[in-house]
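Residues per chain are reported as follows:
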Amino acid sequence: MLEHLPHWLGKALSSLRAGADKLAIVRLELAGEGVIHLASPAFTNGGRLPDRFTADGDGVSPPLFWTGVPEETVRLVLLVEDPDAPTPQPMVHAIIWGLPLAGDLKEGEIQPDGEGSADGEDVGRNSGFAEGWLPPDPPNGHGEHNYAFQIFALSEGPEPGDNPGRGELLRVMEGRVLAAGLLTGTYSRGEEAPVGPVGAGAVA
């Protein structure tokens, strides 16, 4: 989608960004006291995403794993946002409602699921108005984009319904977050951006 923007236009828009202060994990009403360890075997925290997870490669979702989920957790949510998108709000790349409390996501596992599953798991809508993983696709020359993989442990409360979007998700999460975790991967086009070492990222 955005790969077709010319380099000069992307560079001209480089200061136009949603802003990290609009990420879900930064919002005070979504803050939790606990910390979940969220990591990936495919990239380090703060490291560059391999091309295969982006629009320049196969466009599959990266593998993730997590530990430290509180025992009283009722729902576990993953929200992936790009706060550097030239949009009013961070661009949503994935939503999953109802992850297993102890487990992981394999490479390519964030897929459209239609009406969701009987056990309460559901894949929500991304900013492309579709379910599943929206591959990173920053404008050429726009600079580095930070892709925030955010995981939230929630207490008892309302469900967001089938195929939730960002608005519905944040609304039902408010006041329920027990713990959260953050893993950041970066990507850019049209500039020097060496791939960092492969390893597990951590959160703080």
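Sequence order as written defines residue numbering, which begins from 1 separately in each chain. Residues qualify for local features only when their pLDDT is at least 70, as the model is predicted, and side-chain atom pairs are given and counted only at 80 or more; totals for whole chains, interfaces and linings, by contrast, use all residues. Calculated side-chain values reflect all of the structure's heavy atoms, with hydrogen atoms and water omitted.

## What to know about the pattern of salt bridges
Salt bridges are defined as contacts in which a side-chain nitrogen from Lys or Arg sits within 4 Å of a carboxyl oxygen from Asp or Glu. Inspection of every chain in the model, using the stated rule, returns seven salt bridges. For the salt bridge of Arg125 with Glu168, the shortest nitrogen-to-oxygen distance reads 3.4 Å. Here Arg125, found in the loop between strand E7 (122-123) and strand E8 (145-154), pairs with Glu168, found in helix H2 (residues 166-173); they are 43 residues apart in sequence, far enough to count as distant. Each residue is placed in one exposure class: buried if its accessible area under a 1.4 Å probe, protein chains only, is under 20% of its type's maximum, exposed if it is over 50%, and partly exposed if it falls in between. Given a relative accessible area of 33%, Arg125 falls into the partly exposed group. Between Asp137 and Arg189 there is a salt bridge, and its shortest N-O distance comes to 2.8 Å. Linking Asp137 in the loop between E7 and E8 with Arg189 in the segment after strand E9 (177-187), this pair joins segments that are 52 residues apart in sequence. In this pair, the class of Asp137 matches that of Arg189, namely buried. Secondary structure elements are defined from DSSP: runs of H or I of at least 4 residues count as helices, runs of E of at least 2 residues count as strands, and each element is numbered from the N terminus.

## Looking at unusual backbone geometry
For Phe129, which is not glycine, the phi torsion reads 60° and is therefore positive. Summarising the element assignment, Phe129 is placed in the loop between E7 and E8.

## Things to note about the packing of aromatic side chains
How two aromatic rings sit relative to each other is set out by the distance from centre to centre and by the angle between their planes. Two rings from Phe, Tyr or Trp (for Trp, the six-membered ring) form a pair when their centres sit within 6.5 Å of each other. Planes less than 30 degrees apart are called stacked, planes more than 60 degrees apart edge-to-face, and all others tilted. Counting across every chain of the model gives two aromatic pairs. On the basis of an interplanar angle of 45° and a centroid distance of 5.7 Å, the ring pair of Phe43 and Phe149 is categorised as tilted. Of this pair, Phe43 sits in the loop between strand E2 (37-39) and strand E3 (64-67) while Phe149 sits in strand E8, and the two are 106 residues apart along the sequence. The class for Phe149 is buried, based on a relative accessible area of 0%. For the pair Trp133 and Phe149, a centre-to-centre distance of 6.0 Å together with 20° between the ring planes defines the contact as stacked. Residue Trp133 is located in the loop between E7 and E8, and its partner Phe149 is located in strand E8; the two are separated by 16 residues in the primary sequence. Grouping residues by exposure puts Trp133 and Phe149 together as buried. Here the aromatic residues Phe43, Trp133 and Phe149 are joined through ring pairs into a cluster of three or more.

Taken by themselves, the reported measurements are silent on function.
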